[in-house]
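Structure at a glance
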Amino acid sequence: MQKVLITGVTGFVGSHLADYLLSLGDVQIYGTIRHRSKLDNILHIQDKIKLFEGDLTDATSVDCILKEVMPDYIFHLAAQSFVPYSWVAPSETLKVNIFGAVNILEFVRRYLKDCIVLLAGTSEEYGLVYQNELPIKESNVFRPLSVYGISKVAQENLGYVYYRSYGVKTILTRSFNHFCGRRGFEFVESKITRQALEILLGKRDKFSLGNLDTVRDFTDARDIVRCYWLLSQEAANGNEHVLATPLNLCSGKGYVIKDLLNKISGIVGISPIIDQDSNSLRPKNADVPILIGDCLKVEQIIGKVSKIPIEDSLNHLIEYWRLKI
């Protein structure tokens, strides 16, 4: 039986990855959690996962967990992933996202040379992208516009260094925006959905949102975790083309956030009235205007990335929030 460690297993993507792996069978799942982590996302599978409480920024804590598990695969998903918060707490963002990766890579370097480590990166690494650079290929220059984006560039570079210098088998993904049920309330897809349902229920009379003019490339998170696993299996089967090389995970389609708002409003059955929330706006000149990816490189290896239609993703998200509120 293959042993898989998911850091951040209680999170949005981590919990969906656990669901996917359990559907495959023949996989023992271990997960890391923080002190007092909310377990809502994994309550339905908690008895099928072995959980370890620890601090990934502390090398001793990481060593203790990994020495007990000795996994065949590590999916490093734990991170400070909310972009606006990275301006509020830049030091914490850098510490969590960089030190956590270093501590895992160091242990693998010393004790688990055959372990495959997937480091979940992000399209925010690209940052400012110009029209003539669309869709964004992996070769595109980095111009990150947030501390979060910088932290993920550093994480990816560490993965490359540990592969080149020590032979650690790292997979470096750059996932563009992804969502479905369990998406955190602070992210724009959930913020829109929750407010739409509150309007429907008479709990508010209008939306309060930030910049609706940005363009993002959306994929269902369930497609993303499937790709994570397929890439790990390619690595396990000796395909060196997936090791320490950046791989975009995306749909290749761009959606204006306002169009997403209109889609959700239409499904819920309301007419959107909007107030701009200044607290939801990012610092001036720091909002990435457009991110649309090119996933040809990864699709030549594992096939189509985005299989679930965005309408299905939206309905899944709406049903999740309908139950929550």
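As a starting point, this report considers the structure included with it. Since the model is a prediction, treat every value here as computed from it, not as a measurement.

Re the overall build of the protein chain
- Within the protein chain one finds 10 helices and 13 strands.
- Seen along its three principal axes, the alpha-carbon backbone of the protein chain occupies a region of about 55 × 45 × 40 Å.
- Residues classed as buried in the protein chain amount to 54% of the 325 residues present.
- A fraction of 78% describes how many contacts in the protein chain between residues 6 or more apart in sequence connect residues 24 or more apart.
- About 14,200 Å² of surface is accessible on the protein chain, with carbon and sulfur atoms providing 50% of the total.
- Taking the average place of the 37 positive charges on the side chains of the protein chain and the average place of its 37 negative ones, the gap between the two points comes to 1 Å.

Here we look at the side chain of arginine 226
- Note on placement: arginine 226 falls in helix H7 (residues 221-236).
- A polar contact of 2.6 Å, which involves the side chain of arginine 226, links it to the backbone oxygen of valine 305.
- Among all residues touching arginine 226, those that are not within four sequence positions of it are Tyr20, Lys304, Val305 and Lys307.

As for the sheet that holds strand E2 (residues 27-33)
- A sheet is described by the order of its strands in space; here seven strands give the open sequence E3-E2-E1-E4-E5-E6-E11, paired in parallel fashion. On the outer flanks of this sheet lie strand E3 (49-53) and strand E11 (246-249), each paired with one strand and no other. Along the sheet, successive strands turn relative to each other by an average axial angle of 25°, direction set aside.
- Summarising the sheet, strand E1 (residues 2-7) and strand E4 (residues 73-76) pair through four bridges and their orientation is parallel.

Some points on the environment of valine 305
- Relative to the elements of secondary structure, valine 305 occurs in the loop between helix H9 (296-302) and helix H10 (310-324).
- Judged by its relative accessible area of 0%, valine 305 is buried.
- Taking the C-alpha atoms as reference, valine 305 lies 8.3 Å from threonine 219; in sequence the two are 86 residues apart.
- Filtering out sequence-adjacent residues up to four positions away, valine 305 remains in contact with Thr219, Asp223, Arg226, Cys227, Leu249, Cys250, Cys295, Val298 and Glu299.

Let's talk about the packing of aromatic side chains
- Within the structure shown, the criterion is met by 11 aromatic pairs.
- Members of the aromatic cluster, joined through ring pairs, are Tyr73, Phe75 and Trp229.
- Sitting over the ring of phenylalanine 187, arginine 183 keeps its end group 3.9 Å from the ring centre.
- Its guanidinium or amino end placed over the ring of tryptophan 321, arginine 194 lies 5.8 Å from that ring's centre, counting from NZ or CZ.

A short note on the side chain of asparagine 248
- Mapped onto the fold, asparagine 248 is located in strand E11.
- On the basis of relative accessible area, asparagine 248 is assigned to the buried category, the value being 0%.
- Within the structure, the side chain of asparagine 248 is placed 2.9 Å from the backbone oxygen of isoleucine 136, a separation counted as a polar contact.
- Here the side chain of asparagine 248 touches aspartate 294 through a polar contact of 3.1 Å, landing on its backbone oxygen.

Observations regarding the nonpolar core
- If you look at the biggest cluster of nonpolar residues, it comprises 45 residues, and the most contacted ones within it are Val4, Ile6, Leu21, Phe75, Leu77, Tyr228 and Val298.
- For this core, the element with the highest residue contribution is H7, accounting for eight residues.
- Setting aside residues up to four positions removed in sequence, leucine 21 forms contacts with Val4, Ile6, Val27, Ile29 and Trp229.

Quick word on unusual backbone geometry
- With an omega of -10°, the peptide bond running from leucine 134 to proline 135 counts as cis.
- Among the secondary structure elements, proline 135 is positioned in the loop between strand E5 (116-122) and helix H5 (147-166).
- Backbone geometry at arginine 36 places phi at a positive 65°, although glycine is not the residue there.
- Looking at where arginine 36 falls in the secondary structure, it is placed in the loop between E2 and E3.
- The backbone of alanine 244 sits at a positive phi, close to 50°, despite the residue not being glycine.
- With relative accessibility at 8%, the residue alanine 244 sits in the buried group.

Thoughts on helix H2 (residues 59-69)
- Those residues of H2 that fall on the buried side of the exposure criterion are Ser61, Val62, Asp63, Ile65, Leu66 and Val69.
- At its buried positions, H2 is contacted by E1, E2, E3, E4 and helix H4 (90-111).
- Among the residues trailing H2, methionine 70 stands out with phi positive, at a value near 50°.

Regarding H5
- Helix length check: H5 (20 residues) gives 28 Å between terminal C-alpha atoms against 28 Å at 1.5 Å per residue, within 8%.
- Within H5, the full set of buried residues consists of Val147, Tyr148, Gly149, Ser151, Lys152, Val153, Gln155, Glu156, Gly159 and Tyr162.
- As for H5, its buried residues are in contact with E4, helix H3 (85-88), H4, E5, strand E6 (169-175) and E11.
- Just past H5, the residue glycine 167 takes up positive phi, approximately 80°.

Each value, and the rule that gives it
Residues numbered from 1 in each chain as written. Predicted model: local features only at pLDDT ≥ 70, side-chain atom pairs only at ≥ 80, totals over all residues. Heavy atoms only, no water. Helix = DSSP H or I, 4+ residues; strand = E, 2+ residues; numbered from the N terminus. Buried < 20%, exposed > 50% of the residue type's maximum accessible area, 1.4 Å probe, protein only. Contact = heavy atoms within 4.5 Å. Areas by Shrake-Rupley, 256 points an atom, 1.4 Å probe, with all protein chains shown as cover. Lys, Arg positive; Asp, Glu negative; His and termini not counted. Charge placed at Lys NZ, Arg CZ, Asp CG, Glu CD. Polar contact = N/O pair within 3.5 Å; in protein donor to acceptor, adjacent residues only side chain to side chain. Pairing = 2+ DSSP bridges. Axes fitted to C-alpha atoms, helices over the stretch in contact; angles between N-to-C directions. Phe/Tyr/Trp six-rings, centres within 6.5 Å; stacked < 30°, edge-to-face > 60°. Lys NZ or Arg CZ within 6 Å of the ring centre and 35° of its normal. Core = buried A, V, L, I, M, F, W, Y, C linked by side-chain atoms within 4.5 Å. Expected span 1.5 Å × (residues − 1).

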